[in-house]
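One letter stands for each residue in the lines below.
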Amino acid sequence: MIRFLIYSLCCSALLLSCRTYQYPGASGVRASDLQELNTYYMDTTQALVYRADAQAFETDLKGNLVIRTLAPDVHRVALLSDLGQTLFDISIFPDKEVAHFIMADLDRKLIVTEIAAIFRVLTQRTFASSALVFLDKQHYPVYFVDDTYYLLQQREVRCITRVNGSKERFSIEYSDVRNNVPVTVLVEHGKFPLRMQLSLDKTQSSL
């Protein structure tokens, strides 16, 4: 009986993982000229500081999020609370991450991997050669690479959706972009109770 239950659970998990995500309103896929996307964090002379207002696992958190561009595709991201405590400090590469410091409560492989995934998608540029087709001809263009979708407005990325199987994993919304620098950013996780509002602090940033 136990063996049958395990087999059933494994089959269910496999079926769920094979399901594909359906982007709202999309009716198909088309080939596209190669598009360079998400070029906000490529300037190595910039260090951006955001005021972070987060709700995570029923806990409110306020502090400063620092994003340093070490190379066009390499970033160092650190979150410091208003009490002066470093919550995490991670260097993010296209294919790996290096944790310089993780507070004990966050020091779990799954959590570190997810933090790195969010900020990798948020900061790193990509190139897409596929786009979605919409019945509504007025829909903003949406390009996608593997399991990540990029919605553009005025030729700028305004929303990124990372999916897992048939469900949204997390989304990143840039609601205000000035001189190719996101001023406000909203991160929402689809699986974990995590929501983070970021607001650029120009007085602390080097622009």
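Before going into details, it helps to say that this report is about the structure given with it. Along every chain, residues carry numbers that run from 1 in the direction the sequence is written. pLDDT decides what is reported in this predicted model: residues at 70 or higher carry local features, side-chain atom pairs at 80 or more are listed and counted, and totals for whole chains, interfaces and linings draw on all residues regardless. The basis for every side-chain value is the complete set of heavy atoms in the structure, and neither hydrogens nor water enter the calculation.

Turning our eyes to something else, we now look at the layout of surface pockets. Empty pockets left among the atoms are what a rolling probe the size of a water molecule brings to light. Lining residues are defined by having an atom within 4 Å of a point belonging to a cavity or pocket. Those points lie on a 1 Å grid over the protein atoms alone, cavities being sets where a 1.4 Å probe fits but cannot get out and pockets being open sets with protein on both sides within 12 Å along at least five of seven lines. Grid points are joined across faces, edges and corners, and a volume is the space filled by probe spheres set on the points. The computed volume of the largest pocket comes to approximately 620 Å³. Forming the walls of the largest pocket are 22 residues, and the residues nearest its centre are Ala56, Phe57, Leu106, Ile115 and Leu194. The secondary structure listing takes helices from DSSP runs of H or I that are at least 4 residues long and strands from runs of E that are at least 2 residues long, numbered from the N terminus. Among the elements of the structure, β2 (47-56), β3 (59-71), β5 (86-92), α2 (109-123), β12 (181-189) and β13 (194-200) are those that each provide at least two residues to the lining of the largest pocket. Among the elements that take part in the lining of the largest pocket, α2 stands out by supplying six residues, more than any other.

Here we take up the pattern of salt bridges. Any Lys or Arg side-chain nitrogen found within 4 Å of a carboxyl oxygen on Asp or Glu counts as a salt bridge. Considering all chains together, one arrives at 11 salt bridges under this definition. A salt bridge links arginine 76 to aspartate 89; the nearest nitrogen and oxygen atoms lie 2.9 Å apart. Here arginine 76, found in strand β4 (residues 74-81), pairs with aspartate 89, found in strand β5; they are 13 residues apart in sequence, far enough to count as distant. Among the ionic pairs, glutamate 188 bridges to arginine 195, the shortest N-O distance being 3.3 Å. Because the salt bridges share partners, they merge into one network encompassing Glu36, Asp73 and Arg125.

Between the first and last residue of a helix there are one fewer steps than residues, each counted as 1.5 Å, and that sum is the expected span. The end-to-end C-alpha distance of α2 is 21 Å, a good match for the 21 Å that 15 residues give at a rise of 1.5 Å each. By the criterion of burial, α2 is predominantly enclosed, with 11 of the 15 residues buried. For the exposure calls, accessible area comes from a 1.4 Å probe over protein chains only, and a residue counts as buried if that area is under 20% of its type's maximum, exposed if over 50%, partly exposed in between.

With respect to the helices and strands, the residue arginine 158 is situated in strand β10 (residues 156-164). Dropping the residues within four chain positions of it, arginine 158 is found in contact with Leu151, Leu152, Gln153, Ile172, Glu173, Tyr174, Ser175 and Val177. For this analysis, residues touch if any pair of their heavy atoms sits within 4.5 Å.

This part is about the pairing of β2. Whether two strands pair depends on DSSP finding at least two bridges between them. Note: β2 against β3, 10 bridges, orientation antiparallel. Paired with leucine 48 across the strands is isoleucine 67, a residue of β3. Hairpin geometry of β2 and β3 is characterised by an intervening segment of two residues between the two adjacent antiparallel strands and by a positive phi of about 50° at phenylalanine 57. Bridge count between β2 and β13: seven bridges; the pairing is antiparallel.

Pairing of aromatic rings covers Phe, Tyr and Trp, the last counted by its six-membered ring, and requires centre-to-centre distances within 6.5 Å; plane angles under 30 degrees mean stacked, over 60 mean edge-to-face, and any other angle means tilted. All told, the structure shown has seven aromatic pairs when counted by the stated rule. Ring geometry for tyrosine 21 and tyrosine 149: centres 5.5 Å apart, planes at 55°, overall tilted. Taken together, the positions of tyrosine 21 in the loop between α1 (2-18) and β1 (26-37) and tyrosine 149 in strand β9 (residues 148-153) put the pair 128 residues apart, joining distant regions of the chain. The pair tyrosine 21 / tyrosine 149 is uniform in exposure class, with both members buried.

We now examine the environment of serine 171. Considering the arrangement of structural elements, one finds serine 171 in strand β11 (residues 167-178). For serine 171, a relative accessible area of 16% corresponds to the buried category. Each C-alpha atom of the pair serine 171 and phenylalanine 57 lies 17 Å from the other, and the pair is 114 residues apart in sequence. Among all residues touching serine 171, those that are not within four sequence positions of it are Ile160, Thr161, Leu186, Val187 and Glu188.

Our next topic: the nonpolar core. In this structure, Phe88, Phe119, Leu122 and Tyr174 are the most contacted members of the largest nonpolar core, which totals 42 residues. The dominant element in this core, judged by the number of residues it contributes, is α2, at seven residues. If we skip the residues at most four places from it in the chain, phenylalanine 119 touches Leu65, Val77, Phe88, Ile92 and Met196. Tyr21, Tyr23, Tyr149 and Val163 belong to the second-largest nonpolar core, a separate cluster that totals nine residues. Each nonpolar core is a collection of buried residues, namely Ala, Val, Leu, Ile, Met, Phe, Trp, Tyr and Cys, held together in the definition by side-chain atoms within 4.5 Å.

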